[in-house]
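# Inside the fold
The chain contents come next:
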Amino acid sequence: MQTLLFLILFPILVACLLLFVKRTTLRYAVVALSALVIGGASIYLLMRYAFEGAVYFTAPSEAASLAMVAIEMGLALFIVYMGAKFRNYLAIALAVVQAALVVYLETTFSGNLHAVNNLFIDQFSIIMALIIGLIGSLIAVYAVRYMETYHHHHPEVRDRQTMFFFVTFAFLAAMFGLVFSNNLMWVFFFWEVTTISSFLLIGYSETEEATKNAFRALVMNLLGGVAFVVALIFLASTEATSGGIDLARVLASGDAAVILVPAVLIGFAGITKAALMPFSSWLLGAMVAPTPVSALLHSSTMVKAGVYILVRFSPVFAGTFAGFSIGLVGAVTFVVASAIAISQSNAKLVLAYSTIANLGLIAACAGVGNYMLVWAAILLIVFHAVAKSLLFLGTGAIEHRLGSRDIEDMEGLIVRMPKMAVMMFIGIAGMFLAPFGMLISKWAAIEAFVQVPFGLVFIAILAYGSAVTVFFWAKWMGKLVAVTRQAERVEKGFFEEPWAPLYIITGLVIATVLLFPVISSTLIEPYVLAIYGVTALLAQANVAIMLLMMALLLILPISFLLFRRSAKHLPAYMGGRPATPDLHFAGSLGLTREAQTRNYYLTEYFGEAKLFLPGMVVCTILILASWVLAGVAL
Amino acid sequence: MNGIIGAVLFLILAPIVGGLIAGIDRKITARMQGRVGPPILQPFYDVGKLFEKENVVVTTAQNFYVLAYLVFIALSGALFFAGGDLLLIVFAFTLAHVFLVLGAYAVHSPYSHIGAERELIQLMAYEPMVILAAVGLYMVANSFYVADMVATTVPVILYLPGVFLGFVTILTIKLRKSPFDISTSHHAHQEIVKGITTEFSGSTLGQVEIAHWYENVFLLGFLYLFFAWNPVIGVIAVAITYLAEIFVDNVTARARWQAALKSGWLVAGVLGLVNLAILSYMMTGGV
């Protein structure tokens, strides 16, 4: 239990310490050291509890719960203050409603608000803790130098780095708290802290756009928060049958119909936090924040909290129409967001849409929720976290060096920033290619959906969605690997992000791909077995084939050496005109012209304007349907 | 053990069979057009000659990607004939094509760039139908393993007529035949600027050809799965289908990529999905 408490409390300590550190070098030392400690502690957690199944702890309750309520009220006041300052009355209204509901819950049902055990750890929590502890803290390390460069590039932005790093570490602490809490009141408390943290981080630059987008994120997440409290009230009032606010008891509750209503409400909170449609606009708006914030939100915190709660509750959803409806929200989000990603040339937006798509896929698995799908969902969470953090941090580094985050401007990155290009290549491969990560999960998901009633709907969506995914990733990869002649190398610069976090995360991507059978057998399969009594198993033959493919991919680059000695170089073909290697050709009238290549974006078919609204409408209807269906079951 | 024999046989025989099919294809095409046509062994002479050419490149990286394309096409075919997991094979197959596309991107040339984009659009057009075909075969054979699909005693085609027709439609894309030979075409008058393979020459182009032979044998094997309950009927059906593809190739003009994308998605949606929906309705007895 000490490790759990340490992981929750230590980041808060660091956060407070960082409030007083003003010099970058010193801050770097503090952040790097604490990252080492947090990462080490999460690995210790893995070694200590990986083989023990679920372990519960009676953590101190009274004082902690009281402090949490006090902080919640403080946060509500803060939202009211900020809302008044920026005239966002919707945020104020939601904060007030939520605070009132919390007070109502505390006063009316105070007798029912006790969990037998407040903290717990199981294999799923360990996985989440590793994602938060390793990737989250690496992003924090990266952020120190990044923010220095950021302020160098953006002199107009007020330097609030002490606040930035305070919030970052508080965020990590809240995430640890969220995944270790067995008391749903605690889960809710940490849930709200993540909402406020992302609000503060998104609004960092204090521009009008940033403030607007920060409030959008806040309002949408507060909506989820309100649903969460309503679920808590429902659980507390039906304590005898539902199990009250004790997560383990709720999930084990015999009265499936009673817990379905709160589960769907908490699922709704998960949908808002995981930025599924119709709430995906907050995650897209969050792109105004500095890149490490995006990396943090996308890979190790915020949206992962949303899918965490969905996957936690998926045994409740399994086999119900309400759960099916939630799964469909995810599936529709997956295909719509993937399609829109085709029409985007801004790298961060492509990454954002692909995150939304992947979260949709995870939600689709969690909503339908049979044992194989939960297995696939957890695997998706793992692969998405490592690959996406690499891609975001890489994009940030590229943007600082090239001055653009447009994919078209990344043409020939393999020549200009070879190391960075290779890392991006690995990250992108991790997102969509066999035998890399995401694909294994997609494959498992298809195999699982075949066996589910009405699973065909999901199969169809997956078939189209994954075809679309291939298109937008492959064309980005293509831009990266184009060998442009006479391009300047720009990998080095005066302000330089530390490459260490990037190297480590690249290593993590490769390690997860190579070790996924181990991850699956030591962490995911036992968890699924504990919940469902059966577990998904990867056929040994298929694992062998994937490792064979991986080996081939590692050996093939050696062939480069073979080609290097003999080949004769010619310029590209330009319709028979005399041409130079850097795409200039002799045009008519003795003029030299330049040929340019640009990717297709197919805006006419896949544009945001065309698909976003229908996606939102369909998903809204599905969410309402999930409520009605849960109510009917009651 | 059977699996390994199947894989080895495929790796050795597929280029020979594929080359012969290409030769017969050219002969029949010529006859349909009222020409005599080249000897059946002509594809082998052509590829042999390619390997004697000087090694000319725009960038050395292109050779790497093409080699990877060949290796992964051969691998996915070998896995198929070893009786492996069909979904995994489909994904390995996609990986192979992504390598070809990356090769075309790497040379940084206008023609091959357009070819690469079109190849990707084609990939996007046919992928849903391929996945649905795999799922349909699963629903009948109750297993994703090719070995089990071949061993089935059910006439799969009767359960999956729509899926079969949809698969045949996207096969036109895969065999690089009109009207969907958008990213590259094998007709002589268009070979000068050949889309995705514009900048590949000599042995590299030879590798692309060999990969295509492997690919065709694999695809015909996929087609055979629909008739696997009776080998004789199976072989005849595959031959007739291939003839029909040649015929379509000769009587249609090239479509635009929009048409290719729409047709690919439409056949998957209409023929594939409706077929599967009816099938699952029948199999589950009313759910």
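My aim in this report is to walk through the structure given alongside it, one point at a time. Computed from a predicted model, the values in this text were never measured in an experiment. (Residues numbered from 1 in each chain as written. Chains lettered and ligands numbered in written order. Predicted model: local features only at pLDDT ≥ 70, side-chain atom pairs only at ≥ 80, totals over all residues. Heavy atoms only, no water.)

## Considerations on the overall build of chain B
This is how it is decided: Secondary structure elements are taken from DSSP: a helix is a run of H or I of four residues or more, a strand is a run of E of two residues or more, and numbering for both begins at the N terminus. Here the globule rule reads 2.2 Å times residues to the power 0.38, and the radius of gyration is calculated from C-alpha atoms. Buried means the residue's accessible area, taken with a 1.4 Å probe over protein chains only, is under 20% of the maximum for its type, while exposed means over 50%, and partly exposed covers the values in between. Every residue pair with non-hydrogen atoms within 4.5 Å of one another is taken to be in contact. Areas reported here follow the Shrake-Rupley algorithm with a probe of radius 1.4 Å; residue values treat only the protein chains shown as occluding. When charges are counted, Lys and Arg contribute as positive and Asp and Glu as negative, whereas His and the chain ends are disregarded. For this purpose, a charge sits on NZ of Lys, CZ of Arg, CG of Asp or CD of Glu.
When helices and strands are tallied, chain B shows 11 helices and 1 strand. Secondary structure elements in chain B, listed N-terminal to C-terminal, are α-α-β-α-α-α-α-α-α-α-α-α. Taking 19 Å as the expected radius of gyration for a compact globule of 287 residues, we find that chain B reaches 19 Å, a close match to that expectation. Its C-alpha atoms put chain B at 60 × 45 × 40 Å along the principal axes. Within chain B, the proportion of its 287 residues that are buried is 62%. Taking contacts inside chain B between residues at least 6 apart in sequence as the whole, the part at least 24 apart equals 77%. Carbon and sulfur atoms provide 70% of the accessible area of chain B, an area that totals close to 10400 Å². Taken together, the 14 basic and 16 acidic charged side chains of chain B have centroids lying 9 Å from each other.

## Some points on helix α3 (residues 62-85) of chain A
Residues lying three or four places apart along an α-helix face the same way, a consequence of the helix completing one turn every 3.6 residues. Residue and element names in this part refer to chain A. For clarity, the cut-off: By this rule, a helix spans an expected 1.5 Å times one less than how many residues it contains.
Here α3 is 24 residues long and its end C-alpha atoms lie 35 Å apart, about the 34 Å a rise of 1.5 Å per residue gives. Three or more residues of α3 are buried, namely Met 68, Glu 72, Leu 75, Ala 76, Ile 79, Met 82 and Gly 83. Looking at the buried side of α3, the elements it contacts are α4 (89-108), α7 (184-202) and α8 (208-237). In the stretch just after α3, Arg 87 is the one whose phi turns positive, near 55°.

## Here we look at the environment of Leu 462 of chain A
All names here are of chain A. Among the secondary structure elements, Leu 462 is positioned in helix α22 (residues 455-481). With 127 residues separating them in the primary sequence, Leu 462 and Val 335 have C-alpha atoms 7.4 Å apart. If sequence neighbours within four positions are ignored, Leu 462 has contacts with Phe 334, Leu 361, Lys 442, Ala 445, Ile 446 and Phe 449.

## Regarding the interface of chain A and chain B
As a reminder of what qualifies: Buried surface area refers to the total accessible area, computed with a probe of radius 1.4 Å, that the two partners give up upon joining, counted for both partners together. Salt bridge, as used here: a side-chain nitrogen of Lys or Arg that lies within 4 Å of a carboxyl oxygen of Asp or Glu. Whenever a nitrogen or oxygen atom comes within 3.5 Å of another N or O atom, the pair is scored as a polar contact, on the condition that within protein one atom can donate a hydrogen and the other can accept it, and that pairs from neighbouring residues in sequence are kept only if both atoms are in side chains.
On the side of chain B, 66 residues touch chain A, which itself brings 68 residues to the contact. Across the chain A to chain B interface the summed buried area is about 5900 Å²; carbon plus sulfur atoms make up 77%. Linking chain A with chain B are 0 salt bridges. Viewed at the interface, chain B and chain A are joined by 14 residue pairs in polar contact (both at pLDDT 80 or more). Of all elements in the fold, only α20 (418-432), α21 (437-449), α22, α24 (540-555), α25 (559-566), β3 (568-569) and α26 (603-606) of chain A reach the threshold of two or more residues within the side of chain A that touches chain B. Here the side of chain A that touches chain B takes 16 residues from α22 of chain A, the largest share from any one element.

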